[in-house]
Amino acid sequence: PDSDPLENFFGNQRTDELAEFARLLAKHPNKGNDEALANLAIARHPELPLMERFAACQEAFLTKQHTLRVRKASKTQAAKMGAEGESRFLSLHASLGQALLNTRDQLAAHETWYACAAWYRSGEYLLKHYQRFKSEQRLLDFTDLEWRTYRLLNHSDNALWVQYKLDQRIEHLLVDEFQDTNPTQWQLLQPLLQE
């Protein structure tokens, strides 16, 4: 959560690759390439906010559906860039596009983490408030009863004595409404079932 995907994306090597990609793209002007060049100029501007630069980079490399734009080899492109330049251009397009997609995934993961952390803090506060309310009203809910019984049977000073007394009085045990995914309920049953 402390890392910044945008800072990682715009590292020194990536900035150099974006500049090289823009130089090669400028050799093959057309409407789509000119729009991409304008976006790349914004993306490489060091004084703009990183999110604005990243959005411009996405415009240059990704479609509206956030998939990598298709760039293929062509005779015209090879004539303007040279065979080696075209090969490097396509390679840069693929690697920069993949880095963009990876960064989008990292940003989404960060957003999810921050949202979950906020929900967790809210839930924790709500539970504290609920526990305080129950305490003030001198109330117990079903979960409180389970937890106190678990502690009585497993961790109190008198746990063995309580188990002994229960064992003397109980011959058969019928368990109703048992939740097998509830670890507290398992821990409640185990001392009762032991010989």
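Our subject is the structure listed above.
Worth saying up front: this structure is predicted, and the values here are computed from it rather than measured. (Residues numbered from 1 in each chain as written. Predicted model: local features only at pLDDT ≥ 70, side-chain atom pairs only at ≥ 80, totals over all residues. Heavy atoms only, no water.)

Q: Honestly, the overall build of the protein chain in this entry has me stumped. Any pointers?
A: In terms of regular secondary structure, the protein chain is built from nine helices and zero strands. Listing each helix as α and each strand as β along the protein chain from the N terminus yields α-α-α-α-α-α-α-α-α. Its C-alpha radius of gyration of 32 Å places the protein chain more than 25% over the 16 Å reference for a compact globule of 195 residues. By its C-alpha atoms, the protein chain is 95 × 35 × 25 Å across when sized along the principal axes. The burial tally for the protein chain puts 27% of its 195 residues in the buried class. Residue pairs at least 24 apart in sequence account for 58% of intrachain contacts in the protein chain once pairs closer than 6 positions are excluded. In the form shown here, the protein chain has an accessible surface area of approximately 14100 Å², with 54% of it arising from carbon and sulfur atoms. (Helix = DSSP H or I, 4+ residues; strand = E, 2+ residues; numbered from the N terminus. Rg over C-alpha atoms; globule rule 2.2 N^0.38 Å. Buried < 20%, exposed > 50% of the residue type's maximum accessible area, 1.4 Å probe, protein only. Contact = heavy atoms within 4.5 Å. Areas by Shrake-Rupley, 256 points an atom, 1.4 Å probe, with all protein chains shown as cover.)

Q: Would you mind showing me how to read the packing of aromatic side chains here?
A: For any pair of aromatic rings, geometry is given as the distance between the ring centres together with the angle between the planes. This structure, assessed with the given rule, holds six aromatic pairs. Measuring from centroid to centroid gives 4.9 Å for Phe21 and Phe61, while their planes differ by 35°, and the two rings are tilted. Taken together, the residues span a long stretch of sequence, with Phe21 in helix H2 (residues 12-26) and Phe61 in helix H4 (residues 50-61) at a distance of 40 residues. Owing to a relative accessible area of 1%, Phe21 belongs among the buried residues under this scheme. (Phe/Tyr/Trp six-rings, centres within 6.5 Å; stacked < 30°, edge-to-face > 60°.)

Q: Even after reading the chapter, I still don't get the nonpolar core, so can you show me in this structure?
A: Side chains of a nonpolar character, in soluble globular proteins, are inclined to be buried together. Within the largest apolar cluster, 24 residues are counted, with the highest numbers of intra-cluster contacts made by Phe9, Leu18, Phe21, Leu40, Phe54, Cys57 and Phe61. Breaking this core down by element, the ones donating at least two residues are helix H1 (5-9), H2, helix H3 (31-43), H4 and helix H6 (83-137). Ranked by residue count, the leading element in this core is H6, at six residues. Excluding residues that lie within four positions of it along the chain, Phe54 makes contacts with Leu6, Phe9, Phe10, Leu100, Thr103, Arg104 and Leu107. (Core = buried A, V, L, I, M, F, W, Y, C linked by side-chain atoms within 4.5 Å.)

Q: I would appreciate a short explanation of the side chain of His28 in the present structure.
A: Along the chain, His28 falls in the loop between H2 and H3. In this view, His28 contacts Asn33, Thr76, Gln77, Lys80 and Met81; residues no more than four positions away in its chain are not counted.

Q: When you look at a nonpolar patch on the surface in this model, what are you seeing that I'm missing?
A: Together, Leu166, Ile170, Leu173, Val175, Leu192 and Leu193 line one region of the surface with nonpolar side chains, adding up to about 470 Å² of accessible area. Its location among the elements puts Leu192 in helix H9 (residues 183-193). The exposure class of Leu192 is partly exposed, given its relative accessible area of 32%. (Patch = residues over 30% accessible without salt bridge, like charges linked within 9 Å, V, L, I, M, F, W, Y side chains within 5 Å. Salt bridge = Lys/Arg side-chain N within 4 Å of Asp/Glu carboxyl O.)

Q: What is the right way to look at the environment of Cys57 in this model?
A: Looking at the element boundaries, Cys57 is found in helix H4. When residues no more than four places from it in sequence are discounted, the contact partners of Cys57 are Phe9, Leu18, Ala43 and Leu100.

Q: For this particular structure, what's the right way to read unusual backbone geometry?
A: Most peptide bonds take the trans configuration, and most residues that are not glycine carry a negative phi. Residues other than glycine seldom take positive phi values, yet His66 does so here, at roughly 65°. Among the structural elements, His66 can be located in the loop between H4 and helix H5 (75-81). One non-glycine residue, Arg138, lies in positive phi territory at about 55°. Among the structural elements, Arg138 can be located in the loop between H6 and helix H7 (142-154).

Q: Help me understand the side chain of Arg53, please; the structure alone is not making it clear to me.
A: Within the fold, Arg53 resides in helix H4. One buried charged side chain, Arg53, makes no salt bridge at all; its nearest oppositely charged neighbour is Glu52, positioned 9.0 Å away. Engagement of the side chain of Arg53 in a polar contact is seen with the backbone oxygen of Ala43, the distance being 2.8 Å. In contact with Arg53, other than residues within four places in its own chain, are Phe10, Ile42, Ala43, Arg44, His45, Pro46 and Leu48. (Lys, Arg positive; Asp, Glu negative; His and termini not counted. Polar contact = N/O pair within 3.5 Å; in protein donor to acceptor, adjacent residues only side chain to side chain.)

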